[in-house]
Amino acid sequence: MSTRSKHGTTWLQTILLLLVHGPVDRWPAPLWQLSPWVDHLVEPIPAVVSRVSAQERRRVLKTHTPLDGVPAVPGVWRIVVVRDPLDAAVSLYHQGSNLDRERLAELTGSPSSIAGRAPLEEWLAAWVDEVADPRARLDSLDGVLHHLTDAWGRRGDDDVVLLRYADLLTDLDEQMALLANRLGFGGPEAYGVEWPLLVEAASFTAMRARADHLAPDAGGVLRDPSAFFRRGLTGSGEASVPSPVMDRYRERLSMSLPADLQAWLAGSA
């Protein structure tokens, strides 16, 4: 699975692991162990490879690298979740307050960044206006738009699945069923009476309640694992910025995204 930050990454991991392993209490390990972030490099690569290789069922791997950096391998699906970039930026901002940056620096060997940040509205305005190299700053608006347009251009590939975050919010049951069928698990009938339990386990409320098992915290960088599952709603971006910033945001989307992708992202196609 190839997603941008705060685009439903952990949600999709949970859904896929539920399809593979069943209810959470039957999982052989926490989410971050079963479905590692393979290019995060907070633990030695041989350890990750060994753990994944030992899994006897279908494997779920996480990356934030766009599909143009993820090789197509026969028999391997590549799945992307698409979310409104401004909503994702709001979630990214709040996640920043929940990170132990000194611990993160210790794990990655990068300098610690603990300086205070601007208020949300000011931070979002700067995020909208920044022009960045999408391959150097993946979570910039340019980086997000590159990830989305690259995936959109590959949507017809046999190994690529594109999901819309808003659809997961609107009808989780249907979206999980469609995904299960597409990936060859079979639909709800293949899971029998457990299917409603799996859908419930993939709800935001249930995931927050199981944060100790589901939060992606391989190195202990989250100050509060349950806070990782903050709200996950749509429309938070527009509610957080004044009209001029929203106008600039829409202008950047219209200049960067093809019309059919804009319509699909907005739910009008």
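To be clear, the structure that these remarks concern was listed above.
The paragraphs below set out a description of the structure included in this document. Residue positions within a chain follow its written sequence, with the count starting from 1. This being a predicted model, a pLDDT of at least 70 is required before a residue's local features are given, and a value of 80 or more before pairs of side-chain atoms are given or counted; all residues contribute to the totals for chains, interfaces and linings. Excluding hydrogens and water, the side-chain figures rest on all heavy atoms present in the structure.

### A look at the packing of helix α1 (residues 9-21) against helix α9 (residues 172-182)
Geometrically, a packed helix pair is captured by the angle between its two axes and the distance between the axes. α9 packs onto α1 with a crossing angle of 60° between their chain directions and a minimal axis gap of 11 Å. Classified by the interaxial angle, the pair formed by α1 and α9 is oblique. Pair α1 / α9 crosses with right-handed handedness. Residues W11, L12, I15, L16 and L19 of α1 pack against L172, M176, L179 and A180 of α9. Axis lines are fitted through C-alpha atoms, for helices just across the contact stretch, and the angle between N-to-C directions can take any value from 0 to 180 degrees. Helix and strand definitions here come from DSSP, where helices need a minimum of 4 consecutive H or I residues and strands a minimum of 2 consecutive E residues; each element is numbered from the N-terminal end. Each angle receives one of four descriptions, namely roughly parallel if under 35 degrees, roughly antiparallel if over 145, roughly perpendicular if within 65 to 115, and oblique otherwise. Each crossing is labelled by how the near helix is turned from the far one, with a counterclockwise turn of less than a right angle marking it left-handed and a clockwise turn marking it right-handed. Whether two residues are in contact is decided by their heavy atoms, any of which lying within 4.5 Å being enough.

### Quick word on the environment of W27
Locating W27 in the fold gives a position in the loop between α1 and α2 (31-34). In this structure W27 comes out as buried when scored by relative accessible area, which is 6%. Along the sequence, W27 and H213 sit 186 residues apart, while their C-alpha atoms lie 9.5 Å from each other. Beyond its immediate chain neighbours, meaning those up to four positions away, W27 contacts T14, L17, L18, H21, G22, L34, H213 and L214. N or O atoms within 3.5 Å of each other form a polar contact, as long as, within protein, one can give a hydrogen and the other can take it, and as long as residues adjacent in sequence are counted only when both atoms are side-chain atoms. A polar atom in the side chain of W27 sits 2.9 Å from the backbone oxygen of G22. Exposure categories follow from relative accessible area, calculated using a 1.4 Å probe and restricted to protein chains: below 20% of the type maximum is buried, above 50% is exposed, and the middle band is partly exposed.

### Points about a nonpolar patch on the surface
Nonpolar side chains (Val, Leu, Ile, Met, Phe, Trp, Tyr) within 5 Å and like charges within 9 Å form the patches, drawn only from residues with over 30% relative accessible area and no salt bridge. For accessible areas, the Shrake-Rupley method is used with a probe of radius 1.4 Å. Any residue's cover is judged against the shown protein chains and nothing else. Any carboxyl oxygen of Asp or Glu within 4 Å of a side-chain nitrogen of Lys or Arg constitutes a salt bridge here. Together, L41, I45 and V49 make up an exposed nonpolar region whose accessible area comes to about 280 Å². For L41, the position within the fold is in the loop between α2 and α3 (45-53).

### Notes on the environment of L92
Position of L92 relative to the elements: it lies in helix α4 (residues 85-96). Spatially, the C-alpha atom of L92 lies 6.1 Å from that of K6, the residues being 86 residues apart in sequence. With near-sequence residues (within four places) excluded, L92 lies in contact with S5, K6, W123 and D139.

### Some remarks on the layout of surface pockets
As defined here, a cavity is a set of points on a 1 Å grid over the protein atoms alone where a 1.4 Å probe fits but cannot get out. A pocket is an open set with protein on both sides within 12 Å along at least five of seven lines, and residues line them when an atom is within 4 Å of a point. Grid points are joined across faces, edges and corners, and a volume is the space filled by probe spheres set on the points. Roughly 630 Å³ of internal volume is contained in the second largest pocket. What lines the second largest pocket is a set of 24 residues, among which M1, R59, L61, V76 and W77 lie closest to the centre. Just so you know the grouping, Ala, Val, Leu, Ile, Met, Phe, Trp, Tyr, Cys and Pro go in nonpolar, Asp, Glu, Lys and Arg go in charged, and all remaining residues, Gly too, go in polar. Residue composition of the lining of the second largest pocket, grouped by class: 14 nonpolar, 5 polar and 5 charged.

### Some words on the packing of aromatic side chains
For Phe, Tyr and Trp, rings pair up if their centres lie within 6.5 Å, where Trp contributes its six-membered ring, and each pair is then called stacked (planes under 30 degrees apart), edge-to-face (over 60) or tilted (otherwise). Using the criterion set out here, one finds 5 aromatic pairs in the structure. Here the aromatic rings of W11 and Y165 are separated by 5.4 Å at their centres, their planes lie at 80°, and the arrangement is edge-to-face. With W11 in helix α1 and Y165 in helix α8 (residues 165-170), the pair connects residues that are 154 residues apart, well separated along the chain. We note that W11, like Y165, is buried. An aromatic cluster is built from W11, Y165 and F204, whose rings are joined through pairwise contacts. In this analysis the charged atom, NZ for Lys or CZ for Arg, is taken to sit over a ring once it is within 6 Å of the ring centre and within 35 degrees of the ring normal. Positioned above the aromatic ring of F185, the side-chain terminus of R58 is 4.3 Å from the ring centre. Above the plane of the ring of W152 lies R155, whose end atom (NZ or CZ) is 3.9 Å from the centre.

### Things to note about the pairing of strand β2 (residues 160-164)
β2 sits mainly inside the fold: 5 of its 5 residues count as buried. Here β2 shows two buried faces, one formed by V160, L162 and R164 and the other by V161 and L163. In this description, strands pair whenever DSSP reports at least two bridges between them. Sheet topology places strand β1 (residues 78-82) next to β2; 5 bridges connect them, and they run parallel. By the bridge assignment for β2, V82 is matched with R164.

### Brief notes about the nonpolar core
Throughout this description, the term nonpolar core refers to a set of buried Ala, Val, Leu, Ile, Met, Phe, Trp, Tyr and Cys residues connected via side-chain atoms within 4.5 Å. Grouped together as the largest cluster of nonpolar side chains are 35 residues, with contacts concentrated most on I15, L179 and W195. No other element matches the 8 residues that α1 contributes to this core. Aside from chain neighbours lying at most four places away, what touches I15 is L168, L172, M176, L179 and A202. Grouped together as the second largest cluster of nonpolar side chains are 30 residues, L67, V80, V90 and A151 included.

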